[in-house]
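# Geometric and topological summary
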Amino acid sequence: MSPVRGRYSGSKPNKPEGYRLVDVFLVLALFSEAPWAVAGSSQCSQSNLEVFRPHSVSITEFGAVGDGVTLNTKAFQNAIFYLNSFADKGGAKLFVPAGQWLTGSFDLISHLTLWLDKDAVILGSTNSDTWPVIDPLPSYGRGRELPGGRHRSLIFGRNLTDVVITGDNGTIDGQGSIWWEWFRNGTLDYTRPHLVELMNSTGVIISNLTFLNPPFWTIHPVYCSHVKVQNVTIRAPLDSPNTDGIDPDSSDDVCIEDCYISTGDDLVSIKSGWDEYGISYGRPSTKITIHGLIGETKLGAGIAIGSEMSGGVSEVHAENLYFFNSVRGIRIKTSPGRGGYVRNISISNVTLNHVDVAIIFTGHFGEHPDDSYDPSALPIIERITIKNVIGENVKMAGQLEGIEGDTFRYICLSNIKLNGVSESPWNCSYIQGYSDLVFPETCDPLKESIFPMHHLDCYDLSNHFRSSRNQKRLARLLSW
Ligand SMILES: *[C@@H]1O[C@H](CO)[C@@H](O)[C@H](O)[C@H]1NC(C)=O
Ligand SMILES: *[C@@H]1O[C@H](CO)[C@@H](O)[C@H](O)[C@H]1NC(C)=O
Ligand SMILES: *[C@@H]1O[C@H](CO)[C@@H](O)[C@H](O)[C@H]1NC(C)=O
Ligand SMILES: *[C@@H]1O[C@H](CO)[C@@H](O)[C@H](O)[C@H]1NC(C)=O
Ligand SMILES: *[C@@H]1O[C@H](CO)[C@@H](O)[C@H](O)[C@H]1NC(C)=O
Ligand SMILES: *[C@@H]1O[C@H](CO)[C@@H](O)[C@H](O)[C@H]1NC(C)=O
Ligand SMILES: *[C@@H]1O[C@H](CO)[C@@H](O)[C@H](O)[C@H]1NC(C)=O
Ligand SMILES: *[C@@H]1O[C@H](CO)[C@@H](O)[C@H](O)[C@H]1NC(C)=O
Ligand SMILES: *[C@@H]1O[C@H](CO)[C@@H](O)[C@H](O)[C@H]1NC(C)=O
């Protein structure tokens, strides 16, 4: 993508004479590091050589039948129980060959690779009894949709290290439509299950697979560290309820790379617990990298942060994003009562096509677990940089709604060009920040220029000025 050029932003009242945005662009272009390049490599660390497992069994050795009708929960459980004896001998691989393998929820173990061959399909049972009810997450205090427990995910793991779910583009299909109907007609007693959930685990790789029709969210790492989700396809009907793609939740060192996601809700949603429960659990999501994400969502956003963010979210780097036919591109959602923070977020190289709202901050999302939340627990939203965005057929550039008495600050927008927007493209309240090279022109609270005065207040924009050589060059240029 080439950077947005040109004079469309016109002159701004608070700039020194003769110092225009075009000059800023020239300044940036002269630096060795182009402004749209992210400092360093944000790609998942390259330790993604296939994990070698000295032992391997096939699910068929445990009596599984791949006819799409036979329930294979016992076969999965028995195979994994057997493989547990290899956990301290380099680990083991459970091979799932071509076939339709119907199953209820089962548990993974440490040092296990679940490997789905081409044309292998793990099908989630449509009998809710085969998805047992477990305790709510401590950082949510209750099920996300209903009080009390929640159904356990189809593929579940807890307290694990070194778990790989991969294959040759096999499929994990939650057959979620029955859950969507139960949800819509209000016949559920407990919160719907996710398709894959890993809790309190470290060293998780999920790659080279297709995920379909989750009952609720698709991939949910919660209280995890060192998680990679690479090269996966996730699909659910665009009108299916709350079928998020990937939801890193109170987790750190998560890398999501080269994924295609088309679902009913947020493609990637970064979370960290809910109101008073999330505040007291206090585990943030941090060091989240997203590199290469393509997708569409009719009801959600391409990348969302929140609304559950009470444990804090920081150090998010997302780049190379392409969202089309979607209602929202980038979204931060929160509410009084959430507490926590969203800080140090950098989103760059975004292409939007037919997206209703490019950037949206929602300060009054609502939705509380119960009446015991503290309305004076205000979230801190700061140092959010969004740069290098181009959009076609975008209806609204920014709907940026902060919270009265709790302004979202150091919001920095750089090098953004959106075509097709309506007459009032920005609507900002309780927002503070800076911008350069943004078309259409931003709302007043963001009009002040980032360079040369405010780049240090912006996240991930100061690096261009680190070396003294560059600073001298900048000083020379600005003294023209
Ligand atoms: C995904 O598949 C490719 C091609 O087979 C392979 O090189 C790569 O190691 C796999 N990735 C993971 C993380 O398993
Ligand atoms: C997380 O897992 C480790 C073992 O891997 C265990 O020692 C620890 O107690 C677990 N913590 C929670 C909160 O489940
Ligand atoms: C995980 O660790 C927690 C805390 O130590 C413990 O209560 C729980 O039983 C463990 N769960 C499993 C499945 O090992
Ligand atoms: C992605 O996964 C497919 C199989 O699902 C594999 O053929 C391809 O090589 C993988 N690509 C990468 C970059 O790992
Ligand atoms: C994997 O299979 C799905 C269909 O199940 C397909 O849409 C996708 O393109 C395939 N991915 C790769 C990398 O071959
Ligand atoms: C709710 O949906 C399920 C699944 O379609 C159906 O079996 C059930 O009869 C419905 N219940 C009500 C009260 O509509
Ligand atoms: C920007 O992202 C697109 C994918 O949306 C990718 O093809 C392109 O190479 C990226 N550009 C840069 C400069 O990284
Ligand atoms: C945010 O970034 C600044 C500067 O890069 C750093 O000093 C600060 O520790 C970061 N905050 C968090 C919560 O990571
Ligand atoms: C601007 O946003 C506020 C909510 O923050 C909304 O109440 C108002 O109607 C919006 N104005 C326009 C012109 O869209």
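- Going by what an unreviewed UniProt entry lists, the protein chain is known as Polygalacturonase and is assigned to Citrus x changshan-huyou.
- According to the UniProt record, the Sequence similarities (unreviewed entry) comment for the protein chain is "Belongs to the glycosyl hydrolase 28 family."

## Structural notes on the overall build of the protein chain
- Helices and strands together make up the secondary structure of the protein chain, namely 5 helices and 27 strands.
- Across the 480 residues in the protein chain, those meeting the buried criterion constitute 56%.
- Within the protein chain, contacts between residues at least 6 apart in sequence are counted, and of these 74% link residues at least 24 apart.

## Some thoughts on the environment of N208
- Within the fold, N208 resides in the loop between strand 13 (202–207) and strand 14 (210–212).
- The class for N208 is partly exposed, based on 18 C-beta atoms found within 10 Å.
- N208 sits 37 residues away from T171 along the chain, and the two C-alpha atoms are 9.6 Å apart.

## A word on the site of ligand 6
- The environment of ligand 6 is made up of I178, E181, W182, N185 and T187.
- Partitioned by chemical class, the residues of the shell around ligand 6 number 2 nonpolar, 2 polar and 1 charged.

## Section: the confidence of the model for the protein chain
- The pLDDT averaged across the protein chain works out to 90; a share of 86% of its residues lies at or above 70.
- Here residues 1–42 scores under 50 on pLDDT; set against residues more than four positions off or in separate chains, the count is 55 contacts.

## A look at unusual backbone geometry
- Here the residue pair G306 and S307 is connected by a cis peptide bond, since its omega of -5° sits within 30 degrees of zero.
- Relative to the helices and strands, S307 is located in the loop between strand 21 (301–305) and strand 22 (313–333).
- The omega torsion across F451 and P452 is 5°, close enough to zero to call that bond cis.
- Residue position: P452 is located in the loop between strand 27 (431–439) and helix 5 (468–478).
- The backbone phi angle of N231 is positive, close to 55°, even though this residue is not glycine.
- The topology assignment puts N231 in the loop between strand 16 (225–230) and strand 17 (233–235).
- When the 17 C-beta atoms within 10 Å are taken as the criterion, N231 is described as partly exposed.
- Despite not being glycine, N344 shows a phi value in the positive range, around 60°.

## As for the environment of W182
- Within the secondary structure, W182 sits in helix 3 (residues 177–184).
- A residue is classified by how many C-beta atoms lie within 10 Å of it, and W182, with 15 of them, is partly exposed.
- C-alpha separation for the pair W182 and R192, spaced 10 residues apart in sequence, amounts to 9.3 Å.
- Residues in contact with W182, not counting those within four places in the same chain, are T187 and L188.

## Looking at the sheet that holds strand 9 (residues 155–158)
- Across the sheet, which stays open at both edges, the 4 strands sit in the order 4-9-12-15 with parallel pairing between neighbours. Of all the strands in the sheet, the pair left with one neighbour each is strand 4 (106–107) and strand 15 (219–222).

## Observations concerning helix 2 (residues 73–83)
- Listed as buried for helix 2 are A75, F76, A79, I80 and L83. For helix 2, the angular spread of the buried residues around the axis is 125°, confining them to a single face.
- Summarising the contacts, the buried residues of helix 2 are in contact with strand 1 (55–58), strand 2 (92–96), strand 3 (99–103), strand 4 and strand 5 (112–116).

## A closer look at the nonpolar core
- If you look at the biggest cluster of nonpolar residues, it comprises 120 residues, and the most contacted ones within it are L94 and I303.
- Sorting elements by how many residues they give to this core places strand 23 (residues 341–362) first, with 12 residues.
- Ignoring anything within four residues of it in the chain, the contact list for I303 reads L267, V268, I290, A318, L321, I330 and I347.

## A closer look at the pairing of strand 1
- Of the pairings in the sheet, the one linking strand 1 to strand 2 comprises 4 bridges and is parallel in character. Note on strand 2: the bridge partner recorded for H55 is A92.
- With helix 2 bridging strand 1 and its parallel neighbour strand 2, the resulting β-α-β unit is right-handed.

## Comments concerning helix 3
- Along helix 3, the residues classified as buried are W179, W180 and F183. Around the axis of helix 3, the buried residues are gathered within 100° of arc, so they sit on the same side.
- Backbone geometry just downstream of helix 3 places G186 in the positive-phi region, at approximately 70°.

## A few points about the environment of V96
- For V96, the location among the structural elements is in strand 2.
- Given 24 C-beta atoms within 10 Å, V96 falls into the buried group.
- Measuring from C-alpha to C-alpha, the distance between V96 and G167 comes to 8.9 Å, with 71 residues separating the pair along the chain.
- Residue contacts for V96: discarding those within four places in its chain leaves I59, W101, W115, L116, D117, A120, I122 and G170.

The rules behind the values
- Residues numbered from 1 in each chain as written.
- Chains lettered and ligands numbered in written order.
- Predicted model: local features only at pLDDT ≥ 70, side-chain atom pairs only at ≥ 80, totals over all residues.
- UniProt positions renumbered as here; feature names shortened; annotations may be inferred.
- Helix = DSSP H or I, 4+ residues; strand = E, 2+ residues; numbered from the N terminus.
- Buried ≥ 20, exposed ≤ 12 C-beta atoms within 10 Å, placed from the backbone.
- Contact = placed C-beta atoms within 7 Å.
- Near = placed C-beta within 6 Å.
- Nonpolar A, V, L, I, M, F, W, Y, C, P; charged D, E, K, R; others polar.
- pLDDT = per-residue confidence, 0-100.
- Pairing = 2+ DSSP bridges.
- Arc of directions from axis to C-beta.
- Core = buried A, V, L, I, M, F, W, Y, C linked by C-beta atoms within 7 Å.
- Right-handed = clockwise from strand over helix to strand, strands pointing away.

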